[in-house]
Structure formats: structure tokens, C-alpha cells
Protein chains: 6
Amino acid sequence: MRVDGRKSNELRPVTIQTNYLTHPEGSVLITVGETKVICTASIDDRVPPFMRGQGKGWITAEYSMLPRATEQRNIRESTKGKVTGRTMEIQRLIGRALRSVVDLEKVGEKTIWIDCDVIQADGGTRTASITGAYVAMVLAFGKLMQGKKLQSMPVTNYLAATSVGIHSEVGEILDLNYIEDSSAEVDMNVVMTGDGQFVELQGTGEEATFSRKQLNAMLDLAETGIDALINQQKEALGELAASIPTSNKGREEK
Amino acid sequence: MRVDGRKSNELRPVTIQTNYLTHPEGSVLITVGETKVICTASIDDRVPPFMRGQGKGWITAEYSMLPRATEQRNIRESTKGKVTGRTMEIQRLIGRALRSVVDLEKVGEKTIWIDCDVIQADGGTRTASITGAYVAMVLAFGKLMQGKKLQSMPVTNYLAATSVGIHSEVGEILDLNYIEDSSAEVDMNVVMTGDGQFVELQGTGEEATFSRKQLNAMLDLAETGIDALINQQKEALGELAASIPTSNKGREEK
Amino acid sequence: MRVDGRKSNELRPVTIQTNYLTHPEGSVLITVGETKVICTASIDDRVPPFMRGQGKGWITAEYSMLPRATEQRNIRESTKGKVTGRTMEIQRLIGRALRSVVDLEKVGEKTIWIDCDVIQADGGTRTASITGAYVAMVLAFGKLMQGKKLQSMPVTNYLAATSVGIHSEVGEILDLNYIEDSSAEVDMNVVMTGDGQFVELQGTGEEATFSRKQLNAMLDLAETGIDALINQQKEALGELAASIPTSNKGREEK
Amino acid sequence: MRVDGRKSNELRPVTIQTNYLTHPEGSVLITVGETKVICTASIDDRVPPFMRGQGKGWITAEYSMLPRATEQRNIRESTKGKVTGRTMEIQRLIGRALRSVVDLEKVGEKTIWIDCDVIQADGGTRTASITGAYVAMVLAFGKLMQGKKLQSMPVTNYLAATSVGIHSEVGEILDLNYIEDSSAEVDMNVVMTGDGQFVELQGTGEEATFSRKQLNAMLDLAETGIDALINQQKEALGELAASIPTSNKGREEK
Amino acid sequence: MRVDGRKSNELRPVTIQTNYLTHPEGSVLITVGETKVICTASIDDRVPPFMRGQGKGWITAEYSMLPRATEQRNIRESTKGKVTGRTMEIQRLIGRALRSVVDLEKVGEKTIWIDCDVIQADGGTRTASITGAYVAMVLAFGKLMQGKKLQSMPVTNYLAATSVGIHSEVGEILDLNYIEDSSAEVDMNVVMTGDGQFVELQGTGEEATFSRKQLNAMLDLAETGIDALINQQKEALGELAASIPTSNKGREEK
Amino acid sequence: MRVDGRKSNELRPVTIQTNYLTHPEGSVLITVGETKVICTASIDDRVPPFMRGQGKGWITAEYSMLPRATEQRNIRESTKGKVTGRTMEIQRLIGRALRSVVDLEKVGEKTIWIDCDVIQADGGTRTASITGAYVAMVLAFGKLMQGKKLQSMPVTNYLAATSVGIHSEVGEILDLNYIEDSSAEVDMNVVMTGDGQFVELQGTGEEATFSRKQLNAMLDLAETGIDALINQQKEALGELAASIPTSNKGREEK
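All figures in this text were calculated on a predicted structure; none of them were measured in a lab.

K.L.:
An account of the arrangement of the chains is needed here, citing residue identities and associated values.
P.N.:
No part of chain C reaches chain D; the closest C-alpha pair between them is 11 Å apart. The two partners chain B and chain F share no contact, and the minimum distance between any of their C-alpha atoms is 11 Å.

This is the structure:
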């Protein structure tokens, strides 16, 4: 039995509120249980120096938490004068994941800035960020298409993320909240596409290890969760959902 | 006629949503027109080194904007590696203003951390921060009283803030939005108490100057606005409002 | 009775030594009582990126204290690796104040760097910096005119600054020294032009508040002080003083 | 056919030279093909603040490259004034991996500082660092045991790491060199114990995705490689190798 | 013939104004030609961590230039956020030089902070700083003795510094001004004691080299200059001069 | 008798292994006793901004130590976020020394980046760095000549460095190891050319002074040591040695 009564393969309640802010080209407030993240997508008509002149776009992400998103107040990274290693890892992960489902040549020389700001944290902030940021990004591309600055949707696939883990008493579980995350023996973040292919797998056993069999059990849970998340993304996107291709390549191959 | 149709002495619509987040001792989402700020108050059982051993409390504030709170995306201060001069000015102002209406000896050796995070900006973010942070702080003190960690409310007065300015066509105006702020000749932030006394006055004419007569006209507008804001604070605080003393000292003396 | 025997409306002795250094285009050593500040104005033939191509000039200021300008030695900001919030506030204030009396279009694409370095501090260092920097800036413009790099004086008005405050025993006072500043209930910095208009008003009551009546009393004192300071500026500038327009616009309107 | 003629499941030549430096408690020069890393383990008799008073030890890692370890010279992180996100990710990975096979209670209140300095880079520097750092750490513990500062070997298992990936023409391959790494569609780092359990799995498809079937093929290769690496670690450790427990728990369960 | 008409072995005019500032325990304005440096000595009743508990004192120095001390305005190191290599070299040199003539055991657990702030620069700022700082330090020790916080003068010798160099046309010269310094082939800073012994020798030929014979010619000039500087120090110190021992050890041995 | 049994004028065993790494244009592992330094020379086809358009090359050096090069582990400068004063002094010294024997006009608009990374430290790391870096630089120029990117060797002279010092019991000694360096009264680094001319002289007596006679005794030792080091450089360079001019100018003049 899980700490909040959920079944092993049960996600927390998820909501995705689109166009949450007025200024960004795309914005979303995603809630996964008590975790709340504001995700925005901003369009910049330049690319970073290392990308110039290639006619391709770029997607980069930043992640932050409000100081009191957590039980204990955290010192702001602006006050520390530097970004922590944890933040950098998450930022790199979000950017990499989104780039894997975008045809950057179609985007042209633009940068999509993704900002994920955690308003309230209860575990799974990085996976909620990816799931929400995907929607904010599609909204922003939709706006570019509407303004005739983009001919067609450059997104090649759906994409969502969730966490799975192993708990000593409950076994393999889906979508860990903060209490579960703190006591889990193994913690794995999984980013998958709409056709069941992996984009990122990050599994860690800080004071434990895991076998191939346990890995497979966790990946099965992740697949279930990500299917449900992608359904919510489709609903949130409304008409825009139709502009994104779907396939079953990953599933057939399995 | 103002850009959004308001009268010279008219505030934008204001809402104050209390207990917006679950973790902080006090939290508020304040909206003033399109400006939205999350204000939290966190209790820390230590004081900074320069205050130790005096038996008194301390109140300190931090202020930040989400990168896409504004029309153009701003670079995060954590990425820059330093806090800008503008942010520091605002943080110092918020802390100073709140300390002026708190009996720090009653608080005892505790630090109240105020965090004001601007989710969306449309002018007046620093004054909205003060008005909202005041409520978050009173909520946090209320929680301490409830938990018997404080005997009585250490707040000695109401406190709110607004901006006034001079526009070349419209003359003196109250509560400037972003468009008004950008084109105003004179911009003044006013922090006042519930009895009509000044706590802070910051008036600036970047490319213009102002006379004593204009100053007085602006201060009259500010007083009207702050009275209305304090009424909203009382409503938001509900029963807690009764724990804060009110007087008319400032008004009588005028 | 004030701590140094002055009357409420009495400035400390002021001297302004022009051309104090050989390298800068304009330089001044200003002393206000025991407060001593070296103010220099340097001409740079470029403007910052955000001003380029507009054909206008820019004025920016930096402020610093020698480590032992004060009773206790302060750690250098270069050693700390960052500029404090107090310094940034003062720098922004000095720059804003000077820009308010200069026709930047007449200056053309040049930056005037103002450096105010406090050699000895006894209260009022920011207002002494403004008063001295104004003279250094006019001297630098004079040099440009002499070298035919500027056709006419781009300065539109006189400008000086002083502090006023409220002391619990003495009441409203002009030009606070360090001891008075430390014990004042209210502290206000006032920047005014030669015709009695306000450029900046910054009034703060850290653990006290002030009424409209007290505000008016302080502003009367400030006006007296600034008139005297401007007379000293005129004397220091000698022949150059004639190149600056004077009016009574502000006073008549009062 | 791979670029350097290796078979899909073939490691590059590996050497582990122990006691490479005179000062550190444990040190190793590990070479994997043209990749060369100096790994040292230093004992500090204190633990970081968050670990104090728990009677447990801590293991932390730092990673760096000489500026000219690579084809193009890199700017030093000390010159930049900050550590990059990539470095932080690697440092956190190395520390986490080593902690998973050490009984920190047996270590007592000591910190083991692991330093991995890449002298020459040709792909796989992070996995070579883990494999080499493991040996340096065991040597350091051996020295503590010799000096009677530790009663028994606190290491609970062998541990090594390698990379696997998918190349569009060659398919799944083991131990990618720099050219292979640059052109691979999927790149995965695997850290495993001596009994075939996973400690870390980090798989990434920057512009590609991978199926469950491909994942399994890569994991089979990783297992082969890690077995070979652990054999080399045993040889390098000589007599000390006997002090580390071995089991087949992971393999049996598969 | 030198650029300013001086003879090869002629110092520029030197003045040492003592007690230039009111707050520091010791302070001096030293001018060497157009070079002007404010040197202060501050007493701190603590020593840095690495010196604690040894019953000995410490002397440390900081050096800075006003931005417009030079022909071209320099960016402040506080703005850059770091101290340059040149500044660090000079600071270390000043501290080392002063420590060589002080009996730190006599000082007890105190830190003497030396601050050298260059108001105007025309070559030789580091040697003027040493010569001036020595006097400021002796004044500070004098004050401690007067206040009975020190029983006797802990200074064991006189100490002054000057520069010498080789100019392609003029040959070996003493006390280079900025123009000479910029065009010299060899530049050497010499710090000597009152009895003609060396404390520091720093000779550099950036695009030239120098022979043993040339070295000896430069050292002869340096000795002449330092003798003259020490005479000025004695005059500036007045009665305090008598508290410092003098010997001829260095000269006799030559 | 010296601590390691050497005679006063005896160098430690020196080896210079050329082409130690595969990527850099020039690389060397130099060992002087237990001191080991990797020196590399990298060619960059640009020069720093202040050198552009002059048709001349530039040589710049960076120096670092591995954290455990020393008896006690040092904190990395990248972790501190800044380079220490000691490192900056050494970097400036290495760059200056090498530039003194290169005809930068012959090099053309190229930057030679010298990196000296100390793998193991036992005194004399900065002088070993200079001696090794000289060889790495000549190798890099040789490669440029081979690739027809340089017509002739731009190096005008041999160059090596060593330390000398005064030990209270042993007197003047050559090439101090760490123990000798820690206990020496006077420490002097000497950089000389192949014809016995000085390039740099840096002599320091932290708690002692030295006479002209002692200086001359130290310089005699330095000359002996540098002659021997240059012989080793010639041997290491093999055929390239012939491309560097030799003269006896310095010696004849003495």
C-alpha cells in the first residue's frame, strides 16, 4: 500500500492549464498532485553562436524553484551567485528531451527558450517540467504558424516524462511523490515518445542496486504512465493536437 | 483620459488570495490589474549574525521576476551570477517598509523571510509586492500565535504601497500600469501606514522635474489608493484583521 | 541643540576644489564637514550598446569608499567580488540625477563616466557626491567645448543635493552628519535644480513614520540648503557658471 | 565494421597503473585506448556539515580535463570562474556510483575525496574515471587498514563502468571512442557491480529514440564489458582484491 | 638626457603628509612626482584563521587605483567582480616587504591592514605604496604604544622601495616615471632596509635581457634612491623615528 | 649538508619527455626530482583583442596544480570560482619569460597557449614549468615549420629557470626541494638565456634580508644550474636544437 493510497501503477491527478500567462508565446501551469510548475516557451529570432549560419533552430531550457516551493526554504541561486549541479542536470535533460522530437531545420534560425519554474514541489518536478514544457512549446509553435512565421508544425512526435522507482516494501511504483522519492531504493526518470520509444533513461540506486528484471518491471510502469500523460497533453492542446504525427513504431518493435 | 480608461484616482482591480501555497507559513497571490505576485513569509528560528543575542527579530525580503513575466524574456539573475541593482533596491525597500510596522522585540530571535516572485508584470510590481507581503507576513505571525510560539500580534499598524506619477497629457495619476510607467515624466512610490503616515517616499523625474504643488497632488492620490488597498488587506485577513491596531494619528496631524 | 552646535537649518562648511587631478576631463575634491569625496568626469567616445545609433549621449556613475573612509575598516567590494546593494542604489541615484539636467542629444554619442570615491565619510556621502559630480561634469563639458568637440553647454539647469531628517529631540534638521544620521528617525535625500524643482526625493523612516506636515518642514530645510550649495557650485565654476541657464519656474509655481 | 577495426563487443586496450603519484592515499593512471585519466583518493578526517555527528563517512568526487586533453584547447573552468553543467553531472555521477558499493558506517566520520583528472581524452572519460577511481579508493582504504585506522574493508562489491551506444551503420556497440561517440544515435553509460546489478543507467538519444529491444541489446554488451573491466581491477589490486566480497545475486535473478 | 630633465640618479620630488585622514590609526599621503597614493594602516584585534593561537601578529596589504588615476579610465575591479593578477602581485609584494621589518611576536595577535589607494598614477605606484605604507604602519604602532596596547616599537628596521631600469638611450636610471617605464628595456623594483640589505628584488626584461654588470649598475642607483627616501621617512615620522633601530650591517658586508 | 644529500651547486635529476600527449602541437613531461609538470603548447590562429592588426604573435601561459599534487589536498580553483594570486603571479612570469626569447613578428598573428599542469609538486614548480614550457613551445614551432605555416624558427635564444636560496645552516644552495624551500631564509627564482643574460630575477626574504655579496653567490649558483638545464633541453629537442641561435654575449660582458 502506497503512502497516499495509490496503486503501484497509478499516476497522481494531473491538470494542464494552457495560456496561463499573457506575455509568453506558449505557457502552461501543470499540476501533478501537489507539484505545480509554470512552463513557458519564448521565441527568440537568433540562435546561439555555435549554431549560427546553419539554418537550424535551437531549444534550450532553464529550471528553477521558488525558494518556498519546498518544505524548507531554499536559498535562491541568484543569491548564491551560481546555479547548482542539480539545476544544471535538469536543465540539460529538459532541453535534450524536447530537441529529440523537433525537426530543428523546419524551425529555422530561432531559439525556443523553455522556462520551468516550480511554484510548489512534491516530487517529480523535472518530469512534470518536461511534460508541461512540451505543451508550452507546441503552443508557441502554433502561434508562429498562426502568424505565418512557420509553415508547418515542426514537432515530430508526442513526448512526456514520469518517474518510476523501487520501494523496499511496495516494490516497483509509478510517479513518486516527495515522501516516496526520499525513501525509494531506486529512482528512475523516463522520457518517452508517443510511439513508445525511449528518449532518456536515468536510473540511479544511491544505496542500492537493481537487476534486469526490476528494470523491466519499472519500464512497464513508465509506459503506462506516459500513455496517460500524453492523453492529457492531447486534450490540453485541443485542435493543435491534430498537427502532431502519431505512429506505433516503438510498440510494434517491442 | 488614461490609456486603459481609468480615472486619475482609480486603482486597477485588486485581488488578494491567501494561503496560495501549502508549504510557507504565510502566502498570498496578489493581482493588481495584470500584475501578479506570489508573496510568501517563511519563519527561520535564527537571526543573521549582526542581530544575535539582542532578543530581537529580523525581517528580510527577496524579490525576483520569472524570466517571462515581461513582454521580452529577461535573463535570470542566477544565470548572470549576480543580482542587479534594481532588484537590490527593491529588496531593501520591501524589508525596510515591513520592519517599520513590526515590533521586532515581540518577535524574538526569529527571521521572517519575505519572498516576492513576480509571475506576471504590468507595472507596480514593487508596490504590489509590499502590499501582498504585508498580508503574507501577518498570516505567518497568525500561524505562530496559533502554535503558541508568539503571544500576541507584533504588527503595530497596517501598511500598503502604491505608485503615483505625472503624465504630460493626463497630469497626476494613481497606480501606473506598464505603459503609463514607461511614458510618465515623474514616478513616485509611496508606502503608507493605516493612519496616513509615510514610511517611504521615492520620487524620481528621470528627464523631468516636479514642483511642490505637483508633489502634493501626487501625495493626495497616493493616500486615496492606499486607503483602498488597506481595506482589501483587511478583507483578505478576515478574523486576523482585528489583531492589528488602528489609529488616526497621521490624518489628524495633517 | 545639534551635536556639533549647528542650527537646524545650517549646512556644514563646504569647499569645492576644482581640477583636483591631472588626468580626468573634469575633477573635484568636495568636502562637506568631515566628508571628503573625489568626483571625476571622464569622456568616452562610445555609448553603451542599448543607446547606440540614437545620436544621444549617456551619463553613468560609479561610487565607492576607500576601506578606511569610515570609523571601522570596510572590506573592499573588489575583494568580496561583488558590489553591494547600497552602492548600486547610490550609483543609480547619481546617474539619474545628473541625466535630468543634461540635454543628451546635444552631447552626441558620448558617455560621461562619473566616479565618486569617498576618501573620508561623515554622513551625506551620496548627496556630496551628487553636488561635486555636477561640478566635475560641467568642467568636463567645458573642456569639450574648449576643444571644439561640443558647440554649446548641454547642461540645462543647476543641480545639487542634501539630506534632511527628523531627530526625536531636535526635530527637523538639515545636512545630517554621521552621528545625526545614525540616530535620526527619518532620513530624506533631496535632489533639486537651480529653480527649486525636485529631481529626486527619497524619504525613509526605518523604525518611524512621518506626517505630511513633517515632510513639508523637511522640504523647506532642503530648499535652503540646496540654494547655498548651488551658490558654491557657481563660485567654483567661475566663468563656466555663465554658460548654464537659470530660471525661477519652480519657485513661482510653488 | 567499427572505425578502429574493433568488433561490436570489444573493449579498447585497458591498463591500470597503481600508486602513480606519491602523495595521495590511493592513486591510479587508467588508460582506455587513448583516454588517460589520473584518479586519486584522498582521506580527510572530517565530513561535510550535513553529515556531522552521524558517525558515517562520505565520498565526493571532482572531475576535470587538462585544457589540451582534447583536439581543440578548452578554456579552464578556473578561468571561466565556474564549473560547467557537464562537469557537475559527471562529478555527481562518480560520487553516487562509488557510494553505492561502500558501507559508509564502517568508514566512520571521514571524507574520501576522489579526483579524476583527464590527461588525454578519446571518449568514455566519465566511465574510465569511475573504473579507475574505484581502484584508487580501494587502495586508499587499504592504506587506512594498514595504518590501523580502519578495521576491515568497507567496500561491499566490485564496480566498473562503460559506455554502449547505437551507431546507424554498425548497430549496438561497446566502449565508444570519440569518433564513435560523436556520430552515435544513442549513447548510454552503464555502471554495474561485480554481481551484474545496475547502479546507474543513463541513456540518451539526442536526435534519435530507441526501443526496448535495442535497450536490451545494449545492456548485454555493457555486461560483457564490465566483466572484463572488473577482471582488470582485480589484477591491479593484487592482494587487496581478496578483501572485497563477490556474489552472483544479480546474475541469478536475471 | 631623461624625458623630464632629471639626472640618471635623481629621484622625483617626494612628499609624505602624515595623518592625512582622521579615522585610520595611521595614514599618509605620499607623492612621488605626479604619483599620489593614500596609505592607511588599520588595526584589527584578530588574526586570520591560519595564524590563530600562535601569539603572533600579521600584516596584510590591499592595493587599488581610482578608475581615473590613469590617462585612460580603468574599469573598477569591483565591477569586474575580481581582482586582477597585477593587483594581487602588488598586494603580496607590499605585505611581504612590510612583514620583513616587523617583529610579529611583539605585535601579538593583531592584524595590521595596509591599504594603498592610488589617487593619481605616473609610474612607480607600487614602490611609492611600500614607502608610504611603511610610514603609515609606524604611525599606527605609535598610536598603539601611546594607548598602552603595545610596549615597544615592533619595527626592526627602516624600509623603502624604488624602481630602477635600463633605457636604450639613457642607460641605467633611477625612479622611472610612466613614460620612462613604458619605454624601458628592463624594469626592476628594489625594496631595501635602512642598513642597505635587500628585501625584494624583482627585475624583468620583457623584450630584452640584462647582464650581471648592468644589474650591479642598477642596484647602485637603487641604493642611492632608497637612502634618500628613508631620510624623508625619518623626517615625516618626527619623534617616532627615534624608536626604530638603525645599523650598518648590510653596508659593511658589501 | 643538504636534506637530500646533494651538494650546494647540484641540481636534482632532470628528465624531459617530449611529445607526451597526442593532441597538442607541442608537449612535454618534465621531472625535476619528485616535481612533475605536463607542459603543452597550443597554437591558436587568432591573437587577443589588444594585439589585433599588428601582424605580431602572442604567447600566454596558464598554470595549475592537480588537487593532490601536494602533501595536503588543495581546493580546485574552479571550485573556488577564482584563480589565486599565487597562480596569477606564476602565469604572468611564465608568459613574460617565454616572450623574451621569441621574435613575435616572425610568428605572425597567432597565439601560443602554454599550459603547465603540475602533476606532482616537490618545490620549484614554476621554474620547472618555464624550463619544460620552453621545450613544448619549440616543438610547436617545429610543427608549424614542418607544416609550412612558419618559414623559420622564431626563437632567438635558449631559456631555462631554476631557484636558488639561502639556508641558515647550509648557506647558498641551488634548486631547492619543498623541504628546503619551506625553511629557506631567502628564495630567488632566476630565468636566464643561453648566453648567460638575465630575463627575470625574483628574490624574496620573507623574514630575512640579504646582502649584495649573498646575491652574487646565489647568481653564480643559478648560472651553473641553468647551463645544465639548457644542455638537457638541447638533448630533448634533438635535431630541432640546431634551429636556435646561440651566442656568448652575456658571458663576455660579465
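K.L.:
An account of the interface of chain A and chain D is requested, with residue identities and associated values reported.
P.N.:
On the side of chain D, 36 residues touch chain A, which itself brings 36 residues to the contact. Summed over both sides, the interface between chain A and chain D buries roughly 3500 Å², with carbon and sulfur atoms accounting for 48% of that surface. Our count for the contact surface shared by chain A and chain D stands at 6 salt bridges. Of the charged contacts in the structure, one is a salt bridge between Arg212(A) and Asp220(D), with a shortest N-O distance of 2.6 Å. On the surface where chain A and chain D come into contact, there are 16 residue pairs in polar contact (both at pLDDT 80 or more). Looking at the side of chain A that touches chain D, the elements with two or more residues in it are α2 (85–99), β8 (186–193), β9 (198–204) and α6 (212–237) of chain A.

K.L.:
Outline helix α4 (residues 125–146) of chain F, listing residues and values.
P.N.:
Residue and element names in this part refer to chain F. For α4, which comprises 22 residues, the first-to-last C-alpha distance of 31 Å matches the rise-based estimate of 32 Å (1.5 Å per residue) to within 8%. Most of α4 sits out of view: 19 of its 22 residues are buried. Downstream of α4 by one or two residues, Lys148 has phi in the positive range, about 60°.

K.L.:
Before we move on, can you summarise the sheet that holds strand β5 (residues 111–120) of chain A with the specific residues and values?
P.N.:
All names here are of chain A. Across the sheet, 5 strands lie side by side as β1-β2-β3-β5-β4; this open sheet has mixed pairing. Sheet topology places β1 (14–18) and β4 (58–65) at the edges, where each strand pairs with a single neighbour. Within the sheet, the average angular offset between the axes of one strand and its neighbour, ignoring direction, is 15°. Relative to strand β3 (residues 35–44), strand β2 (residues 26–32) runs antiparallel, the two being bridged by 7 bridges. Following the sheet pairing, Ile30 is matched in β3 by Val37. Packed on one face of the sheet, helix α4 (residues 125–146) meets β1, β2, β3, β4 and β5 and runs near 35° to β3.

K.L.:
Explain the environment of Glu200(B) to me, using residue names and the numbers behind them.
P.N.:
Examined against the element boundaries, Glu200(B) turns out to sit in strand β9 (residues 198–204). Under the relative-accessibility criterion, Glu200(B) is labelled buried at 1%. Note: C-alpha distance between Glu200(B) and Glu172(B) (28 residues apart in sequence) is 19 Å. Excluding its chain neighbours within four sequence positions, the residues that come into contact with Glu200(B) are Leu93(B), Arg96(B), Asn189(B), Val190(B), Val191(B), Gly203(C) and Thr204(C). One polar contact links Glu200(B) to Arg96(B), side chain to side chain, over a distance of 2.5 Å.

K.L.:
Any details on the confidence of the model for chain A? Residues and values, ideally.
P.N.:
For chain A, the average pLDDT comes to 94, and 97% of its residues sit at 70 or higher. Confidence metrics for the complex model read pTM 0.89 and ipTM 0.93.

K.L.:
Go over the UniProt feature "domain: Exoribonuclease phosphorolytic" (unreviewed entry) in chain A, please, and point to the residues and values.
P.N.:
All names here are of chain A. The UniProt record marks residues 10–140 and 158–224 with the feature "domain: Exoribonuclease phosphorolytic" (unreviewed entry), using the residue numbering of this structure. Helix makes up 30% of residues 10–140 and strand 31%, and the two end C-alpha atoms of the span are 31 Å apart. Across residues 158–224, the secondary structure splits into 28% helix and 42% strand, with the terminal C-alpha atoms separated by 15 Å.

K.L.:
Got a sec to walk through the pairing of strand β4 (residues 58–65) of chain F? Specific residues and values, please.
P.N.:
Each regular strand carries side chains that alternate between the two faces of the sheet. Residue and element names in this part refer to chain F. Taking burial as the measure, the 8 residues of β4 include 6 buried ones, the bulk of the element. With 8 bridges joining them, β4 and strand β5 (residues 111–120) adopt parallel strand pairing. Along β5, the bridge assignment pairs Ile59 with Ile112.

K.L.:
Give me the sheet that holds strand β1 (residues 14–18) of chain F: which residues, what numbers.
P.N.:
Residue and element names in this part refer to chain F. Within the open sheet, the 5 strands sit side by side as β1-β2-β3-β5-β4. Their pairing is mixed. With partners counted over all chains shown, the strands left at the sheet margins are β1 and β4, one partner each. Looking at each pair of strands side by side, their axes are set apart by 15° on average, direction ignored. Those strands touched by helix α2 (residues 85–99) are β4 and β5, and its axis lies near 145° from that of β4.

K.L.:
A description of the relation of the copies chain A and chain D should follow, citing residues and the corresponding values.
P.N.:
It takes a turn of 180° to lay chain A on chain D, together with a shift of 0.0 Å along the axis; the resulting RMSD is 0.0 Å. Both copies are brought into coincidence by an operation consistent with a two-fold rotation axis. Closest approach to the rotation axis among the C-alpha atoms of chain A is made by Gln202(A), whose C-alpha sits 2.3 Å away. Both copies share a contact surface, since 100% of the interface residues of chain A are interface residues in chain D too.

K.L.:
Describe the pattern of salt bridges, listing the residues and the values that go with them.
P.N.:
With the rule as written, the count across this model stands at 102 salt bridges over all chains. The salt bridge involving Glu180(C) is made with Arg2(C); its shortest N-O contact spans 2.8 Å. Highlighted residues: Glu180(C) in helix α5 (residues 178–183) and Arg2(C) in the segment before β1 (14–18), separated in sequence by 178 residues. Through salt bridges that share partners, Arg2(A), Asp4(A), Arg6(A), Arg12(A), Asp122(A), Asp175(A) and Glu180(A) make up one connected network.

K.L.:
Lay out the packing of α4(A) against α6(A) with the relevant residues and their values.
P.N.:
Geometrically, a packed helix pair is captured by the angle between its two axes and the distance between the axes. Residues and elements named next belong to chain A. At a closest axis distance of 10 Å, the pairing of α4 and α6 adopts a crossing angle of 30°. Taken as axis vectors, α4 and α6 run roughly parallel relative to one another. Viewed along their axes, α4 and α6 form a crossing whose handedness is right-handed. Contact residues: Thr131, Tyr134, Val135, Val138 and Leu139 in α4; Leu229, Gln233 and Leu237 in α6. The class makeup of the residues in the contact of α4 with α6 is 6 nonpolar, 2 polar and no charged.

K.L.:
Before we move on, can you summarise the packing of α6(A) against helix α6 (residues 212–237) of chain D with the specific residues and values?
P.N.:
Direction vectors running N to C along α6(A) and α6(D) enclose 155°, while the axes themselves pass 13 Å from each other. Looking at the two axes, α6(A) sits roughly antiparallel to α6(D). Every pair of crossing elements has a handedness; the one defined by α6(A) and α6(D) is right-handed. Only Arg212(D), Leu215(D), Asn216(D), Leu219(D), Asp220(D) and Glu223(D) of α6(D) make contact with α6(A), whose side of the interface consists of Arg212(A), Leu215(A), Asn216(A), Leu219(A), Asp220(A) and Glu223(A). Taken together, the residues that form the contact of α6(A) with α6(D) break down as 4 nonpolar, 2 polar and 6 charged.

Definitions and cut-offs
Residues numbered from 1 in each chain as written. Chains lettered and ligands numbered in written order. Predicted model: local features only at pLDDT ≥ 70, side-chain atom pairs only at ≥ 80, totals over all residues. Heavy atoms only, no water. Contact = heavy atoms within 4.5 Å. Buried area = accessible area lost by both parts, 1.4 Å probe. Salt bridge = Lys/Arg side-chain N within 4 Å of Asp/Glu carboxyl O. Polar contact = N/O pair within 3.5 Å; in protein donor to acceptor, adjacent residues only side chain to side chain. Helix = DSSP H or I, 4+ residues; strand = E, 2+ residues; numbered from the N terminus. Expected span 1.5 Å × (residues − 1). Buried < 20%, exposed > 50% of the residue type's maximum accessible area, 1.4 Å probe, protein only. Pairing = 2+ DSSP bridges. Axes fitted to C-alpha atoms, helices over the stretch in contact; angles between N-to-C directions. pLDDT = per-residue confidence, 0-100. UniProt positions renumbered as here; feature names shortened; annotations may be inferred. Least-squares fit on C-alpha atoms with pLDDT ≥ 70 in both. Parallel < 35°, antiparallel > 145°, perpendicular 65-115°, else oblique. Left-handed = near helix turned anticlockwise from the far one by under 90°. Nonpolar A, V, L, I, M, F, W, Y, C, P; charged D, E, K, R; others polar.

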